[in-house]
Amino acid sequence: MSAVQNESRKRSKKRFMAGHHSKRWKGSRELEVGMQGILITCNMNERKCTAEALNLLGEYADKLYGLEQLQENTGSSSEEEEAEEEDVDVALKKEVAQLRASETKQERRFQALDSGANNVIFIRTQNIESDKLVHHILSDLHTTKKKKSRVILRMLPVTGTCKAFQEDMVKYLTTFLEPWFKTPSCATYQIAFKARNSNHNKRDEIIKSIAGLVGKMNPKNKVDLTNPELTIIVEVIKTVCCLSVVKDYTLYRKYNVQEVVKDDILKPDVTTAKADADTSDQTEKPDAGETDRRETKGEEDKGTSVSEKGEGDEGEGGGSESSH
């Protein structure tokens with residue numbers, strides 16, 4: 001084979017491999033059904049938010065689970081050079097094998113993915129109980145009052161995901177909610193619903209369906225919008241529904257890391273809670289299918305809890321529609 005033909009084949013292979021790798025990379029970096037992790041909201045600066053989130057999560061995960069053990073890639077530059085001389089088909093097979101081996105060896109505790117919404121980052125977790133980790137972080141911040149982030153707003157654990165259609169959500173929640181609400185378990189609760197880039201679900205119908213489901217599991221489950229024992233978090237982004245059941249949602253300022261470190265000078269009261277719920281009911285419907293432009297604006301207001309104006313509040317009043 002002439003030098004010209006050989007060089008031509010190398011260029012063709014590189015172009016093919018580059019396109020193939022780019023497509024695969026994009027697909028593996030997006031929030032999908034079946035994942036678990038943590039939703040991180042921020043105010044415009046997503047890159048800095050990602051760095052802060054990974055540092056903060058890593059700091060506390062190392063304390064709870066020990067230092068992360070990483071394995072290095074076994075590939076070498078000499079092997080890559082040899083692959084350049086092989087046929088395209090053989091090189092592709094070797095590339096696929098190396099990628100699979102690399103994925104198996106390097107499953108990191110935390111991996112930043114595209115959530116599908118502006119100002120929201122999804123951190124995928126491996127071998128980590130995201131609800132316990134986030135609760136531990138907020139508990140420490142609430143106790144020490146030490147501010148450890150500048151752009152992170154809220155940290156919401158995601159312990160389950162399903163398709164964001166009412167039928168799929170109700171079916172999934174029938175099993176998902178059992179550990180907390182099925183007899184003999186019972187608790188006071190509220191539902192915190194938020195939809196981003198999605199308009200195929202009606203907020204009131206979703207909340208009513210979930211409240212009805214919880215009531216059937218145990219009639220002793222009661223709605224409490226002031227200080228519930230548990231909060232059912234429902235975050236819809238495009239066609240993915242992220243779910244979790246969390247404790248101390250009110251105490252930890254709706255899981256807002258900026259607000260939780262502030263001194264508890266003014267405690268939430270019933271009047272404020274009802275006012276927030278009423279405001280939420282009036283503004284959620286036109287905003288449910290949009291990105292967080294209004295939410296971001298509300299988060300910048302001084303003197304008000306960042307999560308209380310439009311972001312975390314928009315379904316918490318809905319649980320009152322149930323008589324359970």
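- Looking at an unreviewed UniProt entry, the protein chain carries the name THUMP domain-containing protein 1, with the source organism given as Pundamilia nyererei.
- Taken from UniProt, the Sequence similarities (unreviewed entry) comment for the protein chain reads in full: "Belongs to the THUMPD1 family."
- Turning to the protein chain, the UniProt record has this under Function (unreviewed entry): "Functions as a tRNA-binding adapter to mediate NAT10-dependent tRNA acetylation modifying cytidine to N4-acetylcytidine (ac4C)."

**Examining the environment of Arg124**
Item 1. When you line up the elements, Arg124 lands in strand 3 (residues 120-125).
Item 2. Once the C-alpha coordinates of Arg124 and Gly37 are considered, the two residues, 87 residues apart in sequence, prove to be 4.2 Å apart.
Item 3. Apart from residues lying up to four places away in sequence, Arg124 is in contact with Met35, Gln36, Gly37, Arg109, Phe110, Gln111 and Leu113.

**A short note on helix 8 (residues 203-217)**
Item 1. Its 15 residues place the ends of helix 8 22 Å apart at the C-alpha level, agreeing with the 21 Å of an ideal helix rising 1.5 Å per residue.
Item 2. Every buried residue belonging to helix 8 is among Arg203, Ile206, Ile207, Ile210, Ala211, Gly212, Leu213, Val214, Gly215 and Met217, and all of these are buried.

**Remarks on the packing of aromatic side chains**
Item 1. Taken as a whole and judged by the stated rule, the model has five aromatic pairs.
Item 2. Ring centres of Tyr249 and Tyr255 lie 5.8 Å apart, and the angle between their planes is 40°; this geometry places the pair in the tilted category. Accessibility assignment for this pair places Tyr249 and Tyr255 in one class, buried.
Item 3. Between the aromatic rings of Tyr252 and Tyr255, the centroid separation amounts to 6.5 Å while the plane-to-plane angle is 45°, which identifies the pairing as tilted.
Item 4. Put simply, the rings of Tyr172, Phe176 and Trp180 touch in pairs and so form one group of aromatic residues.
Item 5. For the cation-ring pair, Lys63 lies above Tyr60, with the distance from its terminal atom to the ring centre recorded as 5.1 Å.

**Notes on the packing of helix 2 (residues 46-65) against helix 5 (residues 130-144)**
Item 1. With their axes 10 Å apart at the nearest point, helix 2 and helix 5 run at an angle of 100° to one another. The orientation of helix 2 relative to helix 5 falls into the category roughly perpendicular. In contact with Leu56, Leu57, Tyr60, Ala61 and Leu64 of helix 2, helix 5 contributes Leu133, His136, Ile137, Asp140 and Leu141.
Item 2. Within the contact of helix 2 with helix 5, the residues separate by chemical class into eight nonpolar, one polar and one charged.

About the criteria used
- Residues numbered from 1 in each chain as written.
- Predicted model: local features only at pLDDT ≥ 70, side-chain atom pairs only at ≥ 80, totals over all residues.
- Heavy atoms only, no water.
- UniProt positions renumbered as here; feature names shortened; annotations may be inferred.
- Helix = DSSP H or I, 4+ residues; strand = E, 2+ residues; numbered from the N terminus.
- Contact = heavy atoms within 4.5 Å.
- Expected span 1.5 Å × (residues − 1).
- Buried < 20%, exposed > 50% of the residue type's maximum accessible area, 1.4 Å probe, protein only.
- Phe/Tyr/Trp six-rings, centres within 6.5 Å; stacked < 30°, edge-to-face > 60°.
- Lys NZ or Arg CZ within 6 Å of the ring centre and 35° of its normal.
- Axes fitted to C-alpha atoms, helices over the stretch in contact; angles between N-to-C directions.
- Parallel < 35°, antiparallel > 145°, perpendicular 65-115°, else oblique.
- Nonpolar A, V, L, I, M, F, W, Y, C, P; charged D, E, K, R; others polar.

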